[in-house]
There are 2 protein chains.
Amino acid sequence: MSDRFTAVYRVRSDPAAIAARAETIAVEQSVEMPLAAIEEPRVLAQVVGRVEAIEARAENLFEVRIGLAAATIGEDAGQLLNMLFGNTSLHEDVVLHDLELPAALARAFGGPRHGAAGLRGLVGAGQRALTCSALKPQGLSPAQLADLAERFARAGLDFVKDDHGLADQDFSRFAERVAACAAAIARAADATGHPTRYVPSLSGDLDRMRAQIRIARAAGLDTVMLAPMVAGFATAQRLVREFPEVAFFAHPSLGGAARIAAPCLIGKLFRLIGADAVVFPNHGGRFGYSPDTCRALAAAARAPWHGLAPVMPVPAGGMTLDRVGEILDFYGSEAMLLIGGSLLSAGPRLTEATADFVRAVAEHRYR
Amino acid sequence: MSDRFTAVYRVRSDPAAIAARAETIAVEQSVEMPLAAIEEPRVLAQVVGRVEAIEARAENLFEVRIGLAAATIGEDAGQLLNMLFGNTSLHEDVVLHDLELPAALARAFGGPRHGAAGLRGLVGAGQRALTCSALKPQGLSPAQLADLAERFARAGLDFVKDDHGLADQDFSRFAERVAACAAAIARAADATGHPTRYVPSLSGDLDRMRAQIRIARAAGLDTVMLAPMVAGFATAQRLVREFPEVAFFAHPSLGGAARIAAPCLIGKLFRLIGADAVVFPNHGGRFGYSPDTCRALAAAARAPWHGLAPVMPVPAGGMTLDRVGEILDFYGSEAMLLIGGSLLSAGPRLTEATADFVRAVAEHRYR
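Below is a summary of the structure that appears in this document. Everything quoted here is computed from the prediction, not taken from an experiment.

The rules behind the values
- Residues numbered from 1 in each chain as written.
- Chains lettered and ligands numbered in written order.
- Predicted model: local features only at pLDDT ≥ 70, side-chain atom pairs only at ≥ 80, totals over all residues.
- Least-squares fit on C-alpha atoms with pLDDT ≥ 70 in both.
- Contact = placed C-beta atoms within 7 Å.
- Pairing = 2+ DSSP bridges.
- Helix = DSSP H or I, 4+ residues; strand = E, 2+ residues; numbered from the N terminus.
- Axes fitted to C-alpha atoms, helices over the stretch in contact; angles between N-to-C directions.
- Nonpolar A, V, L, I, M, F, W, Y, C, P; charged D, E, K, R; others polar.
- Buried ≥ 20, exposed ≤ 12 C-beta atoms within 10 Å, placed from the backbone.
- Arc of directions from axis to C-beta.
- Expected span 1.5 Å × (residues − 1).
- Parallel < 35°, antiparallel > 145°, perpendicular 65-115°, else oblique.
- Left-handed = near helix turned anticlockwise from the far one by under 90°.

With respect to the relation of the copies chain B and chain A
What connects the two chain copies is a rotation about an axis and a shift along it. Mapping chain B onto chain A calls for a screw motion: a turn of 180° about the axis and a shift of 0.0 Å along it, with 0.0 Å RMSD after fitting. Such a turn and shift between the copies fits a two-fold axis. Counting the interface residues of chain B, we find that 100% of their copies in chain A are interface residues as well, pointing to one common contact surface.

Topic: the sheet that holds strand β4 (residues 94-100) of chain A
Residue and element names in this part refer to chain A. Spatial strand order, β2-β3-β1-β4: four strands in an open sheet with antiparallel pairing. Here the strands that pair on one side only, and so sit at the sheet edges, are β2 (50-58) and β4. With direction set aside, neighbouring strand axes in the sheet form an average angle of 25°. The sheet contacts of helix α1 (residues 18-28) involve β1 (4-12), β2, β3 (61-69) and β4, and relative to β2 the element is tilted by about 135°.

Structural notes on the interface of chain B and chain A
Bring the parts together and some accessible area is lost; that lost area is often taken as the interface size. Facing 149 residues of chain B, the contacting portion of chain A comprises 149 residues. Tallied by class, residues from the side of chain B that touches chain A come to 86 nonpolar, 41 polar and 22 charged. Taken together, the three bridges between strand β12 (residues 336-338) of chain A and strand β5 (residues 130-135) of chain B define a ladder with parallel strand orientation. From the neighbouring strand, A:Leu338 faces β5(B), where its bridge partner is B:Cys132.

Remarks on the pairing of β2(A)
All names here are of chain A. Pairing geometry for β2 and β3, over seven bridges, is antiparallel. Bridge assignment links valine 51 to a residue of β3, and that residue is isoleucine 66. Taking the residues that link successive antiparallel strands as the turn, the β2-β3 hairpin has two residues, and the phi of asparagine 60 there is positive, at about 60°.

Quick look at helix α13 (residues 324-331) of chain B
Residues and elements named next belong to chain B. Among all positions of α13, only Val324, Ile327, Leu328 and Tyr331 are buried. Angular distribution of buried residues about the axis of α13 spans 100°; they occupy a single face of the element. Residues Glu326 and Asp329 are exposed on α13 and point more than 90 degrees away from its buried face. Taken together, the buried residues of α13 touch α12 (291-302), β11 (312-316), β12 (336-338) and α15 (350-363). Positive phi appears at glycine 332, one or two residues downstream of α13, with a value of about 75°.

What to know about the sheet that holds strand β6 (residues 159-162) of chain A
Reading across the sheet, the four strands line up as β7(A)-β6(A)-β5(A)-β12(B) and stay open at both edges, with parallel pairing between neighbours. Edge positions in the sheet fall to β7 (197-199) of chain A together with β12 of chain B, since each has one partner strand and no second. Between one strand axis and the next, the sheet turns through 25° on average, direction left out of account. Where strand β5 (residues 130-135) of chain A and β6(A) come together, four bridges link them in parallel fashion. In the strand pairing of β6(A), A:Cys132 is matched with A:Phe159. Against the sheet, helix α6 (residues 142-154) of chain A contacts β5, β6 and β7 of chain A, and its axis sits at roughly 160° relative to β5(A).

Digging into helix α8 (residues 206-218) of chain A
In this model, α8(A) (13 residues) spans 18 Å end to end at C-alpha, consistent with the 18 Å of a helix rising 1.5 Å per residue. Looking at the buried residues of α8(A), the elements they touch are α7 (174-192), β8 (223-226) and α10 (233-242) of chain A together with α8 (206-218) and α10 (233-242) of chain B. Backbone geometry just downstream of α8(A) places A:Gly220 in the positive-phi region, at approximately 85°.

Quick word on the packing of α6(A) against α7(A)
All names here are of chain A. Relative orientation of the contacting elements α6 and α7 amounts to 25°, with a least axis distance of 8 Å. Here α6 is positioned roughly parallel relative to α7, judged by the angle of their axes. In this structure, α6 meets α7 at a crossing whose hand is right-handed. Contacts from Pro142, Ala143, Leu145, Ala146, Asp147, Ala149, Glu150, Ala153 and Arg154 of α6 reach α7 at Glu176, Arg177, Ala180, Cys181, Ala183, Ala184, Ile185, Arg187, Ala188, Ala189, Ala191 and Thr192.

As for unusual backbone geometry
Residue and element names in this part refer to chain A. Geometrically, the link from lysine 136 to proline 137 is a cis peptide bond, its omega value of 5° lying close to zero. Tracing the sequence through the fold places proline 137 in the loop between β5 and α6. The backbone of asparagine 60 sits at a positive phi, close to 60°, despite the residue not being glycine. Along the chain, asparagine 60 falls in the loop between β2 and β3. A residue is classified by how many C-beta atoms lie within 10 Å of it, and asparagine 60, with 14 of them, is partly exposed.

A closer look at the environment of A:Ala71
When you line up the elements, A:Ala71 lands in the loop between β3 and α3 (77-85). Sequence separation between A:Ala71 and A:Ala191 is 120 residues; the distance between their C-alpha atoms is 54 Å. If we skip the residues at most four places from it in the chain, A:Ala71 touches A:Asp3, B:Gln169, B:Asp170 and B:Phe171.

Printed below as a string of structure tokens:
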């Protein structure tokens, strides 16, 4: 297998700064630490990201191609996303524009099991375009949705999908809805002679989605929908592998999630679902978060909130020993300081530098 | 349980347009269809989003508070994110700024099981701030990482976490790395008397993460890390519930994923992990995608790519019957047209309107 895949970024930058900026991204998306602190020749040669090209695309806009080690991915879709854009997604001046994979890596993921041709074949569509509509609004009962489905299907649609808002809700349990809609569409298909497909929307975690697919299969269905950005790429990948006979629609829900304010996403939502500590990029480090953003994030993490335990803020991202005092004064003692690369840079003095860090925190006198 | 939670958005808008814009978001994040087409009074009263307040925050920037039905969520973290920002994340002029939950809903999620105080207690930190560093670069062997871990721990750090790039890779398998690092840190803790915690990073799908937690527990560890935006909120939520004795770090990886170009995310990545059809917002509808973006997305979905099957593009998001011809000419026949609200708006004529749609597609003569 070729040992690199390529991430293509669009970066807003001053022309004088783009070369250094590109190197920074290559490091961020691979080893995430100062190269000077890496002693292992194999890591330097095989794992550190490589800037392959920089090309101007517009005024102060550059396309940067970075080769990343395929060995960092294995065959894990979540890890792919993590290596492509995990940290760099936090830089507001960078867009992940494209990716290129060696063939072996692409084949390892496998792509669509049915694809466009398979969907076309399912509904016997010949060469024409396919048709689809959606069952909504959420809030209707299974019987009401089934009635709607039957009315859609009787018109000869190819696919009738759930609105992505339909989950497993009190007003319309997945099992009841799917049984009712599948039966309704089967009746319609018998009447029209056209094999209309009902496409239920999956929700919840991997186990719940598995159970939902089994319910769908038992109702005679062969096509489902999920939102990979909500479900997680690895969840989607696993379901595709476990149910090769099923076709999957992907919904773009959350495809624009960057624009969740950090205090909300990291300070509140991550806390809500049970994180005990939240790592985030401190101001003045490698990322663009402002002091105001960091202050709001920490406040959200700690604020009284319906009796939920506070979550520990962990400011990070390029912190250095000489900033410990300032960071502590900023966050107070109810914080966890995370310093990585700066300590690693100490090389043979790593233990001492770390001890300095430990001591600086222990002995700090708050302003 | 109070029946509404509140999503707070920041919206860039002309002052004259903000009231209508806010209503549009309230509909998008709830029923996602024209209100005039909803006949069920219960849905109108209980499920449709409600604009609770609009307040100017700066020139052409408004804060919009929208009440959404708690019944649409149940207790599913993925569905929460879906309802908070699923589709609206695709609008470049909207930021999800905050959320407010009724107490019962917050308690149903449960928040941190250990929280800041629990982490503090784990390492006997008293009132001082906590300390942490990270094991990297990826590419090192388990023995090299363990050596690093021991050197960190001997300095008396509270937590030593994996870099979020460390997964289950050939050069450092999770099981070997965790066993080696846990032993190294235990040796150091014996020497220092300080109960330093090693925090391995989880990767893969729910089943793999479960197995990784069991490996960590068997090695005597009680703290792990994951990236909720990569793993999926529901995955994180499930693990927190299944392993209440374990403390979880959340990593912000992918927290800025909005800035993945749509052709890349939806046309390539969703295809890569096995989607057979990809729904996306067509230009000229309810979302801001340009014709160029849509063209590139469809091209990516269909282009030859290492033998992967093409994925079916499904342009959607406010499409209407009168646009069928234009959409077909734009995408060609290798597409699936998705029309939802516009057909639903036909009310009693739904079947006829749908049949018109079916026919328009069947009979279209491409330019």
